[in-house]
Amino acid sequence: MRCPNCGSFEDKVIESRTMAGGESIRRRRECTVCGYRFTSYERIEEKPFMVVKKDGRREPFDVEKLSHGIVRALEKRPVSTGLIEQITAEIEDEAYNAGKATREISTADLGELVLKKLHDIDKVAYIRFISVYKQFSNLDEFIQEVNKLEGK
């Protein structure tokens, strides 16, 4: 595996963890040249897991797209990169489990999984995500959601 920091192909596996019910493996690696630590994932290549969009289109599940949305919501918030990776991996596992039978999940269901995690982690990130996810069109919708969050 090539080190994303220095480009070396010399690394060692520090930790391996089975994920998604044994269907993938997460490996923590350390470059033996520069000492940089990074994560790699291994999974069986099979029929792609699909995301069903609101208009009915299907596209392959993209964990990078999921991660990007979570990172954007948590931008400038006091949440570590490690926790963001963990949240992303947990949501990915839950999505695969939810759509195991059909090999697909709707964007609505995927969005709800993200909202549950963000609600527990950071309320500001939750509001950021839900405002984009539910496409708030005015301030009243935003205020309603904040009031729900505060329990009013």
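Below: a short report on this structure. (Residues numbered from 1 in each chain as written. Predicted model: local features only at pLDDT ≥ 70, side-chain atom pairs only at ≥ 80, totals over all residues. Heavy atoms only, no water.)

A word on the sheet that holds strand β4 (residues 50-52). Here three strands make up an open sheet; going across it, the order is β5-β4-β6 and the pairing mixed. This sheet does not close on itself; its edge strands, each paired only once, are β5 (58-60) and β6 (104-106). Averaged over all neighbouring strand pairs, the angle between strand axes comes to 30 degrees, with direction disregarded. Of the pairings in the sheet, the one linking β4 to β5 comprises three bridges and is antiparallel in character. Bridge assignment links V52 to a residue of β5, and that residue is R58. (Pairing = 2+ DSSP bridges. Helix = DSSP H or I, 4+ residues; strand = E, 2+ residues; numbered from the N terminus. Axes fitted to C-alpha atoms, helices over the stretch in contact; angles between N-to-C directions.)

Attention shifts here to the side chain of S8. You can see S8 is positioned in the segment before β1 (11-19). Within the structure, S8 has its side chain in polar contact with the backbone nitrogen of E10 (distance 3.0 Å). Beyond its immediate chain neighbours, meaning those up to four positions away, S8 contacts M1, R2, C3, C31 and V33. (Polar contact = N/O pair within 3.5 Å; in protein donor to acceptor, adjacent residues only side chain to side chain. Contact = heavy atoms within 4.5 Å.)

Our focus in this paragraph is the sheet that holds β1. Within a beta sheet, neighbouring strands are joined by backbone hydrogen bonds and run either parallel or antiparallel to one another. In space, the three strands of this open sheet follow the order β1-β2-β3, with antiparallel pairing throughout. Both edges of this open sheet fall to β1 and β3 (37-43), since each of them pairs with a single strand only. Neighbour to neighbour, the strand axes of the sheet diverge by 25 degrees on average, direction disregarded. The pairing of strand β2 (residues 24-31) with β3 spans seven bridges and is classified as antiparallel. By the bridge assignment for β3, S24 is matched with R43. Along the sheet, helix α2 (residues 81-98) makes contact with β1, β2 and β3, crossing β3 at roughly 5 degrees.

On to the pattern of salt bridges. Under the counting rule described, the total for this entry stands at 13 salt bridges. For the salt bridge of R27 with E42, the shortest nitrogen-to-oxygen distance reads 2.7 Å. Of this pair, R27 sits in strand β2 while E42 sits in strand β3, and the two are 15 residues apart along the sequence. A relative accessible area of 37% means that E42 is categorised as partly exposed. A salt bridge links D55 to R57; its shortest N-O distance comes to 2.8 Å. Taking the relative accessible area as the measure of exposure, D55 reaches 54% and is therefore exposed. Of the residues examined, R57 reaches a relative accessible area of 48% and is grouped as partly exposed. (Salt bridge = Lys/Arg side-chain N within 4 Å of Asp/Glu carboxyl O. Buried < 20%, exposed > 50% of the residue type's maximum accessible area, 1.4 Å probe, protein only.)

So, about the pairing of β2. With six of eight residues buried, β2 lies mostly within the body of the structure. Here β1 runs beside β2; their pairing, made up of eight bridges, is antiparallel. Across the sheet, the residue bridging to K12 is E30, located in β2. What sits between β1 and β2 in their antiparallel hairpin is a turn of four residues, with A20 showing a positive phi close to 50 degrees. Between the antiparallel neighbours β2 and β3 lie five residues, among them G35 with a positive phi of about 85 degrees.

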